[in-house]
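# Topology and contacts: notes
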Amino acid sequence: MLHPFLKREIILLSTRIREGLGKESKVMTNFAALSLEILVAGITATIWLILIIARILIPNCQVEVLFYKIYTSLSVGDLLIFSVLIYNLGWIVHHLGEKLLEPLFQAKWRRKYFSDREFYKIRTHVFQKASDSTMEDIKFDRHVLRISRCNVFNFFVLAVVSIFYLHVNETMFVLTLIISIIIVIISFSQWRSRCEGTFKKFKDIYNSIDANEGDVQETKSVNENSRRHKRGLHK
């Protein structure tokens, strides 16, 4: 039989390994979700970017033929390079959406609950003190926020670009224009409701953490006063 000390150490080691693997798995899952999110944003952005370039260089080109030629002419190596370009374009679109739309809308929604300085202070406190399950919930909210904001930016640009192609293929681009506007409206509504819900959640979590820390501090103070009182009686 194993010595109790060795047995305890083996159990502790196995527990730490499981915890480490669990954390690594969460990191990989979050990275995969973010990469997929950026890739999808990049694909949508690639469509309107190709349309803009084609409109400038070939004003009356047949768009269906253009996209078919691009698709059929790409080799495996070209697809890999193209994928990297799409991924990087996704990051650019994400950054543009954040810089252009956040000051116009998201900052105004946030100020209903916090001042700018107060929000960043509270957010840092929540990130440091919140439980793992709460942080996973917040990460999911942020994931939805980024997707909806990118959709607002991407499909707004696609709707504008579609207007300049109505003379080329009216049926297809009227349909593209209508679908893009619908997606912009739905994504904007989702973005706003999720933003306001997330800000309210931050405030509730912060108040809960603050209240718990206050209770802990009060309990410590009561215990300390009790110990002092007992020491005074013994004297």
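Conventions we followed
Residue numbers here run from 1 along each chain, matching the order of that chain's written sequence. The predicted nature of this model means local features are confined to residues of pLDDT at least 70 and side-chain atom pairs, given and counted, to a pLDDT of 80 or more, with totals for whole chains, interfaces and linings taken over all residues. Note: side-chain values were computed over all heavy atoms of the structure, leaving out hydrogens and water. Secondary structure counts use DSSP, requiring at least four H or I residues in a row for a helix and at least two E residues in a row for a strand, with both numbered from the N terminus. The rule is simple: take the accessible area with a 1.4 Å probe, protein chains only, and divide by the maximum for that residue type; under 20% is buried, over 50% is exposed, in between is partly exposed. In what follows, a contact means two residues having at least one pair of non-hydrogen atoms within 4.5 Å. The Shrake-Rupley method, run with a 1.4 Å probe, gives the accessible areas here. Residue values count only the displayed protein chains as cover. By salt bridge we mean one thing: a side-chain nitrogen of Lys or Arg within 4 Å of a carboxyl oxygen of Asp or Glu. By nonpolar core is meant a set of buried Ala, Val, Leu, Ile, Met, Phe, Trp, Tyr and Cys residues that side-chain atoms within 4.5 Å join together. Here an angle of 0 to 180 degrees is reported between the N-to-C directions of two axes, which are lines fitted to C-alpha atoms, with helices fitted over the stretch in contact. Throughout, the term roughly parallel applies to angles under 35 degrees, roughly antiparallel to angles over 145, roughly perpendicular to angles from 65 to 115, and oblique to all others. Charged means Asp, Glu, Lys or Arg here, nonpolar means Ala, Val, Leu, Ile, Met, Phe, Trp, Tyr, Cys or Pro, and polar covers whatever is left, Gly included. Identification of polar contacts relies on pairs of N or O atoms within 3.5 Å, with a donor-acceptor requirement for protein atoms, meaning one able to donate a hydrogen and the other able to accept it, and with residues adjacent in sequence counted only if both atoms are side-chain atoms.

## With respect to the overall build of the chain
Helix and strand counts for the chain stand at six helices and zero strands. Looking at the chain residue by residue over its 235 residues, the buried ones come to 29%. Summarising the internal contacts of the chain: among those between residues at least 6 apart in sequence, 81% fall at separations of at least 24. Within the structure as shown, the chain displays about 16000 Å² of accessible surface, and the carbon and sulfur contribution to it stands at 65%.

## Things to note about the pattern of salt bridges
Scanning all chains against the criterion turns up nine salt bridges. Between Glu-196 and Lys-112 there is a salt bridge, with the nearest N and O atoms lying 2.9 Å from each other. Remark: Lys-112 occurs in the loop between helix H3 (76-110) and helix H4 (116-129) and Glu-196 occurs in helix H6 (residues 170-234); sequence separation between them is 84 residues. A residue is classified by how much of its surface remains accessible, and Glu-196, at 18% relative accessible area, is buried. For Lys-112, a relative accessible area of 51% corresponds to the exposed category. Asp-141 serves as the salt-bridge partner of Lys-201, at 2.5 Å between the closest nitrogen and oxygen. Remark: Asp-141 occurs in helix H5 (residues 132-163) and Lys-201 occurs in helix H6; sequence separation between them is 60 residues. In this structure Lys-201 comes out as partly exposed when scored by relative accessible area, which is 22%.

## Looking at the nonpolar core
If you look at the biggest cluster of nonpolar residues, it comprises 36 residues, and the most contacted ones within it are Trp-48, Leu-51, Val-93, Val-126, Tyr-165 and Trp-191. At the level of secondary structure, the elements contributing two or more residues to this core comprise helix H1 (4-57), H3, H4, H5 and H6. No other element matches H5, which puts 10 residues into this core. If near-sequence neighbours (up to four positions away) are discounted, Tyr-165 is found in contact with Leu-51, Ala-54, Arg-55, Val-63 and Phe-173.

## Digging into the packing of H3 against H5
Between H3 and H5, whose axes approach to 9 Å, the crossing angle comes to 95°. Of the possible angle classes, the one that applies to H3 and H5 is roughly perpendicular. Contacts between H3 and H5 involve Val-93, His-94, Leu-96, Gly-97, Glu-98, Leu-100, Leu-101 and Gln-106 from the former and Arg-146, Arg-149, Cys-150, Val-152, Phe-153 and Asn-154 from the latter. Looking at side-chain class alone, the contact of H3 with H5 contains seven nonpolar, four polar and three charged residues.

## Brief notes about the environment of Ile-147
As for its position among the elements, Ile-147 is in helix H5. Along the sequence, Ile-147 and Ser-187 sit 40 residues apart, while their C-alpha atoms lie 8.4 Å from each other.

## Focus on the side chain of Glu-37
Here Glu-37 is to be found in helix H1. For Glu-37, a relative accessible area of 8% corresponds to the buried category. Looking at Glu-37, its side chain comes within polar contact range of the side chain of Arg-146, at 2.8 Å. Contact partners of Glu-37, with chain neighbours within four places excluded, come to His-143, Arg-146 and Ile-147.

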